[in-house]
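# Coordinates in review
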Amino acid sequence: MNPDQKRKLIILMINMFIAIGSFGIIIPILPAYLVSIGQGGTAAGLMIAIFAAAQFIISPIAGKWTDQYGRRKMIIYGLSGLALSMLIFYFSHSIWILYFSRVIGGIGAALLIPAIFAYVADITTLEQRAKGNSYISAAMSLGIVIGPGIGGFLAEYGLKMPLLVSALVGIGAVIFSIAILKESRDVELTASNHTEDPMIKKLLESVHKPYFIPLIIVLVMSFGLMAYESIIGLYLDNAFKATPQQIAVMITISGIISVVVQIFAVDRLVSLFGEGKVLNIFIVVVAGGFLFSMFAVNYVLFFIITLIIFMATSILRPVLNTLISKMAGNEQGFAMGMNNAYMSIGNVLGPLIAGMIYDIHMIFPFLLGFLMLIFTGVVSVTWQKKKLTNKTAPQ
């Protein structure tokens, strides 16, 4: 990449890190904060689901707007929504206003994330796309890992301090982007004759796109990862009597190693094997992780399995983004919007279903994840063989 590409990519990584970290920063204080306003676990679950649901509903529209009005505007609007969400959260003492703040935050994420990935597609060649997407995904992972740590440190200065700092950093990111970030392509405004299709229609439209199977894999991966993360603390406590510190160490170390893998391994793996083979290999790796999780006999073994799952999904995420981007042609915004929408479906359904079946038996979430991933692996292999057959068939 040339220096201009690198500079733009760094700006995008900073924005993605701030966006993802701004929600992660509140995780350590969320239980105590909800207790302070008379709420508990139900409210905590709803806050995650509401954020993901708002992101899901807006994502298809946001993807189209990204193509129509430009990447820069959507990035700035998305960051503004996330900062506003934190400000409302900071000043609120009502659970209903907190829910409203999560809606705004979900909308902000829906505007921001597909615009950033579409921006990457604009400034990179097809050969550079995997590396560019892996850097953005690494910034996402870094925000997930570092955000809670910063939140825990700031909570020493007051329960609401992480919310205020998150809002102020978000406002700073908006100002930074307005001043520094340039539009990545020429934009022709066609809003006068343009009407947005309903989300359901866009989902149905995505079924006929060449990248539909990768979108399904995005959904399954998000479902499995969010299901795993949502019950991992309960499982470690029930199965191995792990302390909160042990749980935090597991998530933090797994996250940091995943970031390193995304930065240094993804591009090399794609160069060696291609997106299709890497996709199939690591779907099987994640499925194996879910399977062996059910048989882990101690904390250390479960830690190793969790690390493998996190590393494999950290490779799958940018590979899927790259595969979808390459197949999207001139509709990068729509494709990345649908990518975000399918991911959001998984983010909503994963924790809800995992929580329900965990109460029946604590290994059921792992069993469900294993079965879904094995089925997805078969679908992926079949789809790729069909694509290869179509390419080699005489015209």
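Definitions and limits used
- Residues numbered from 1 in each chain as written.
- Predicted model: local features only at pLDDT ≥ 70, side-chain atom pairs only at ≥ 80, totals over all residues.
- Heavy atoms only, no water.
- Salt bridge = Lys/Arg side-chain N within 4 Å of Asp/Glu carboxyl O.
- Buried < 20%, exposed > 50% of the residue type's maximum accessible area, 1.4 Å probe, protein only.
- Helix = DSSP H or I, 4+ residues; strand = E, 2+ residues; numbered from the N terminus.
- Polar contact = N/O pair within 3.5 Å; in protein donor to acceptor, adjacent residues only side chain to side chain.
- Phe/Tyr/Trp six-rings, centres within 6.5 Å; stacked < 30°, edge-to-face > 60°.
- Core = buried A, V, L, I, M, F, W, Y, C linked by side-chain atoms within 4.5 Å.
- Contact = heavy atoms within 4.5 Å.
- pLDDT = per-residue confidence, 0-100.

The next thing to look at is the pattern of salt bridges. For the structure shown, the criterion picks out five salt bridges. Here Asp67 and Arg71 are joined by a salt bridge, their closest N and O atoms 3.0 Å apart. In terms of burial, Asp67 and Arg71 fall into one category: buried. Lys209 is paired through a salt bridge with Glu205; the nearest N and O atoms lie 3.6 Å apart. What makes Lys209 buried here is its relative accessible area of 19%. Exposure remark for Glu205: the relative accessible area of 28% places this residue in the partly exposed category. Through salt bridges with shared partners, one network takes in Asp67, Arg71 and Asp122.

What follows concerns the side chain of Arg102. Along the chain, Arg102 turns up in helix H5 (residues 95–123). Judged by its relative accessible area of 1%, Arg102 falls in the buried class. Within polar-contact distance, the side chain of Arg102 engages the side chain of Ser85 at 2.8 Å.

Let's shift gears to the packing of aromatic side chains. Any two aromatic rings considered together are summarised by their centre-to-centre distance and by the angle between their planes. Scanning the entire structure with this criterion turns up twelve aromatic pairs. Relative to Phe303, the ring of Tyr299 has its centre 5.9 Å away and its plane inclined at 70°; by these criteria the two rings are edge-to-face. You can see Tyr299 and its partner Phe303 sitting in helix H12 (residues 299–328), four residues apart, about one turn around the helix. Take Tyr299 and Phe303: they sit in the same class, and that class is buried. Clustering of aromatic rings is evident, with ring pairs tying together Tyr228, Tyr235, Phe240, Phe290, Phe302 and Phe366.

Attention now moves to the nonpolar core. Of all hydrophobic cores here, the largest spans 95 residues; its most connected members are Leu12, Met16, Ile75 and Phe302. Element by element, the count of residues in this core is highest for helix H9 (residues 212–240), at 16 residues. Discounting chain neighbours no more than four positions away, the residues touching Phe302 are Tyr228, Ile232, Tyr235, Leu236, Phe240, Met250, Ser293, Ala296 and Phe366.

Once that is clear, we can look at the confidence of the model for the chain. Detail in the predicted coordinates should be disregarded across regions flagged by low pLDDT. Confidence in the prediction for the chain averages 82 pLDDT; 89% of positions are at 70 or higher. Residue range residues 189–194 is modelled with pLDDT below 50. Its contacts to residues more than four positions away, or to other chains, number seven contacts.

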